[in-house]
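Structure at a glance
Next come the chains, spelled out residue by residue.
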Amino acid sequence: MIRIGIDVGGTNTDAVIMDGADVLAAVKSHTTSDVMSGVVSSLNLVLAEAGKSASDVDVVMIGTTHFTNAVVQRRDLAQTAAVRLCLPATQSLPPMVDWPEDLRDVIGNTWYLAHGGHEFDGRVISPLNEDELVGIAADIKAKGINTIAITSVFSPVSAEFEAKAAEIFARELPGAHITVSSEIGRIGLLERENAAIMNACLRDLSHEVIQAFRDALAGIGFTGRFFLTQNDGTLMEAEFAEKFPVLTFASGPTNSMRGAAFLSGVKDAIVVDIGGTTADVGSLQKGFPRQATVAVEVGGVRTNFRMPDVFSIGLGGGSLVVDAAGGVKVGPTSVGYRIATEALVFGGSTLTTTDLVVADGGAVIGDPAKVAHLDKDLVARGRARIAEMLDDCVERARVSADPLPVIVVGGGSVIVGGPIAGLQLIKPNHFACANAVGAAIAQVSGEVDRVYAMAEISRDKALEDAKTQAVNAAVAAGAKRETVEIVDVEDVPLAYLPGNATRVRVKAVGELHVG
């Protein structure tokens, strides 16, 4: 199977073409201001380098930070109405109560509380009131809002009211983008509601971005299937991603860590992925990123997604270096994708970390003559500061005293001058494009999340049934059945629910089947 993996970052757009487990070619291009021309350029470059045409390619996998960046930068977000089915409960904590004020204002800060919702044991808080929802729909229409996020209390236990409310809003507001929380988040009300609202406000942008990807791929003559990577390192169809753009959050770090494990052959390590602006650091366990155990914030908003336990520091190949009164300051400001015009080695006027490395003889990039004049003491102090920052972040990522190796990937990793924190350093082949490799090798997942009454079925049989359904879901999503394995099982007793009910969530993943 010939596949292309693309990772669109804030500084670089990377692409690899792979035949099975072999990397045929890897290229790195600067991300362009319009993004898509950079994608097309990377696709053409990688095909040319591998001597392949678009018709030879079976599938394309894309990892993108478009949607994370939109939330972080508060841009391209749609005005959104948040509707919570809850009354008379939960009034003391209205929707978006814990959001940053600027983000809340950008999407309009429009919310409604309506009757509905369930108790944790499945009992109805209050019946759904259709007339009430019709009135809310009329108000939403009057405000010119076309995007709605619906959250019902304990909808993971019963999604009945969310589904009915979605039908009513779809009928009253034809063409509106509607997100229901039970399709995205988990039990916690505020985190699940936050995820639903963020997904809703990204729906207009997702349509625009996914269509742009379609056009870019069609433009090079590719007619096969394409997927986007999601935050757990698996794939989703483009149509699904268009409906649930929020699931792409944190896919970049996940792709890098999966790519680092694949390229190095090491399953347990600390991974440092250095780009142009930031260094992302996390732990690899059995080839997968260690998952965060606490609520993860995106753009200042708490969510309950399963996210890799990765943190970022403002250190990259384009980070600014300033010789200040208190010592050399490195980052967090960066020239980003403008490094090709602003860094000294490329004829610019801004001193960056890459300039220090070239001046010190650590790499040959651009024109070394343009940094030959740099003060050697400044260069030495700058590189020492970079090493100190890397030591600190690796020590922070360690969860035991075990001497795990450190895998360094990413185009900005040229700034690494030697072992970090005294640990073995691994820089695998194609390290600069590990994130694109991670996208290319991403697997397909299937998940089931349902409630079983243990009075009617034993726990073992309930788990077996859920596992079978998860495997079938993965196969239906495009996985080869013989490669599918169960990677996550979670069962939570729902106390006092009639029938001694237990909520079971099972996830299965397998290799993509093509042909």
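For the structure itself, look to the data block above.
Predicted model, so just to flag it, every value in this text is computed and none were measured.

Here the focus is the overall build of the protein. In terms of helices and strands, the protein carries 14 helices and 23 strands. Here the C-alpha atoms of the protein give a radius of gyration of 24 Å, agreeing with the 24 Å that 2.2 N^0.38 yields for 515 residues. Principal-axis analysis of the C-alpha atoms gives the protein an extent of 75 × 50 × 50 Å. The buried share of the protein, taken over its 515 residues, is 54%. Contacts in the protein between residues at least 24 apart in sequence constitute 67% of all its contacts with a sequence separation of at least 6. Accessible surface for the protein amounts to roughly 20800 Å². Of this, 51% is attributable to carbon and sulfur atoms. Taking the average place of the 43 positive charges on the side chains of the protein and the average place of its 62 negative ones, the gap between the two points comes to 2 Å.

This paragraph deals with the pattern of salt bridges. Under the defined criterion, the tally for this structure stands at 21 salt bridges. Across the salt bridge formed by R214 and E242, the nearest N and O atoms sit 3.2 Å from each other. Here R214 is found in helix α7 (residues 203-219), whereas its partner E242 is found in helix α8 (residues 238-243), with 28 residues between them in sequence. Judged by its relative accessible area of 17%, E242 falls in the buried class. Among the charged side chains, a salt-bridge network with shared partners connects E130, R171 and E172.

Moving on: the packing of helix α4 (residues 130-142) against helix α5 (residues 160-172). Between α4 and α5, the shortest axis-to-axis distance is 10 Å and the interhelical angle comes to 45 degrees. Classified by the interaxial angle, the pair formed by α4 and α5 is oblique. Here α4 and α5 pass one another in a crossing that is right-handed. The residues of α5 that touch α4, namely those facing E130, L133, V134, I136, A137 and I140, are K164, A165, I168, F169, R171 and E172. Looking at the contact of α4 with α5 residue by residue, the class counts come to eight nonpolar, no polar and four charged.

With 17 residues, α7 ought to run about 24 Å at 1.5 Å a step, and its terminal C-alpha atoms sit 24 Å apart, in line with that. Every buried residue of α7 is listed here: R203, L205, S206, V209, I210, F213, A216 and L217. Considered in projection along α7, the buried side chains sweep an arc of 150 degrees and stay on one side of the axis. Of the exposed residues in α7, the ones pointing more than 90 degrees away from its buried face are E208, A218 and G219. A positive phi of about 90 degrees marks G221, the residue just after α7.

Another aspect to go through is the sheet that holds strand β10 (residues 234-237). The strand order β3-β2-β1-β4-β9-β10-β21-β23-β22 describes an open sheet built from nine strands, whose pairing is mixed. Strand pairing shows two members of the sheet lacking a second neighbour, β3 (22-30) and β22 (485-493), which therefore form its edges. Neighbouring strand axes in the sheet, compared pairwise and without regard to direction, differ in orientation by 30 degrees on average. Two elements, strand β21 (residues 443-453) and strand β23 (residues 501-510), share ten bridges in a ladder whose sense is antiparallel. In the sheet register, A453 faces β23, and the bridge partner there is A501. Across the sheet, α7 is in contact with β1 (2-8), β4 (59-64) and β9 (225-229); its angle to β9 comes to roughly 135 degrees. Strand contacts of helix α14 (residues 459-476): β21, β22 and β23, with the helix running at about 150 degrees to β21, the strand carrying the most contacts.

If you walk across this open sheet you meet the four strands as β6-β5-β7-β8, and the pairing is parallel. The open sheet terminates on both sides in strands that have one partner only, identified here as β6 (110-115) and β8 (177-180). For this sheet the average axis-to-axis angle between neighbouring strands, irrespective of direction, equals 20 degrees. Of the pairings in the sheet, the one linking strand β5 (residues 81-87) to strand β7 (residues 147-152) comprises five bridges and is parallel in character. Directly across from A81, in β7, lies its bridge partner I148. Sitting on the sheet, α5 touches β5, β7 and β8, and the angle it makes with β7 is about 155 degrees. On top of the sheet, helix α6 (residues 189-201) reaches β5, β7 and β8; it is set at about 165 degrees to β7, its chief contact.

Okay, the packing of helix α1 (residues 36-50) against α7 next. In the contact formed by α1 and α7, the axes pass within 10 Å of each other and the chain directions differ by 35 degrees. In this structure, α1 meets α7 at a crossing whose hand is right-handed. Here M36, V39, V40 and L43 of α1 come into contact with α7, specifically with V209, A212, F213, A216 and L217. Taken together, the residues of the contact of α1 with α7 break down into nine nonpolar, no polar and no charged.

Put simply, L87 and P88 share a cis peptide bond, and its omega is 5 degrees. Within the element layout of this structure, P88 appears in the loop between β5 and α3 (101-106). Cis peptide bonds are those with omega within 30 degrees of zero, and the linkage from G331 to P332 qualifies with -5 degrees. Along the chain, P332 falls in strand β18 (residues 327-334). In this structure, F154 is a non-glycine residue whose phi angle is positive, near 55 degrees. With respect to the helices and strands, F154 occurs in the loop between β7 and α5.

Okay, the packing of aromatic side chains next. Throughout the structure, instances matching the rule amount to one aromatic pair. Between F240 and F244, the ring centres sit 4.8 Å apart and the planes meet at 50 degrees, which makes this aromatic pair tilted. Assessed through its relative accessible area of 5%, F244 is described here as buried. In this structure, K427 packs its charged tip against the face of F431, placed 5.0 Å from the ring centre.

The subject of this paragraph is helix α9 (residues 251-264). Here α9 spans 20 Å end to end across 14 residues, near enough to the 20 Å set by a 1.5 Å rise per residue. Within α9, eleven of the 14 residues are buried, which leaves the element mostly enclosed by the surrounding structure. Among the residues of α9, those classed as buried are S251, G252, T254, N255, S256, M257, R258, G259, A260, A261 and L263. Where α9 ends, the next residue or the one after it, G265, has phi of about 75 degrees, a positive value.

Cut-off values and rules
Residues numbered from 1 in each chain as written. Predicted model: local features only at pLDDT ≥ 70, side-chain atom pairs only at ≥ 80, totals over all residues. Heavy atoms only, no water. Helix = DSSP H or I, 4+ residues; strand = E, 2+ residues; numbered from the N terminus. Rg over C-alpha atoms; globule rule 2.2 N^0.38 Å. Buried < 20%, exposed > 50% of the residue type's maximum accessible area, 1.4 Å probe, protein only. Contact = heavy atoms within 4.5 Å. Areas by Shrake-Rupley, 256 points an atom, 1.4 Å probe, with all protein chains shown as cover. Lys, Arg positive; Asp, Glu negative; His and termini not counted. Charge placed at Lys NZ, Arg CZ, Asp CG, Glu CD. Salt bridge = Lys/Arg side-chain N within 4 Å of Asp/Glu carboxyl O. Axes fitted to C-alpha atoms, helices over the stretch in contact; angles between N-to-C directions. Parallel < 35°, antiparallel > 145°, perpendicular 65-115°, else oblique. Left-handed = near helix turned anticlockwise from the far one by under 90°. Nonpolar A, V, L, I, M, F, W, Y, C, P; charged D, E, K, R; others polar. Expected span 1.5 Å × (residues − 1). Arc of directions from axis to C-beta. Pairing = 2+ DSSP bridges. Phe/Tyr/Trp six-rings, centres within 6.5 Å; stacked < 30°, edge-to-face > 60°. Lys NZ or Arg CZ within 6 Å of the ring centre and 35° of its normal.

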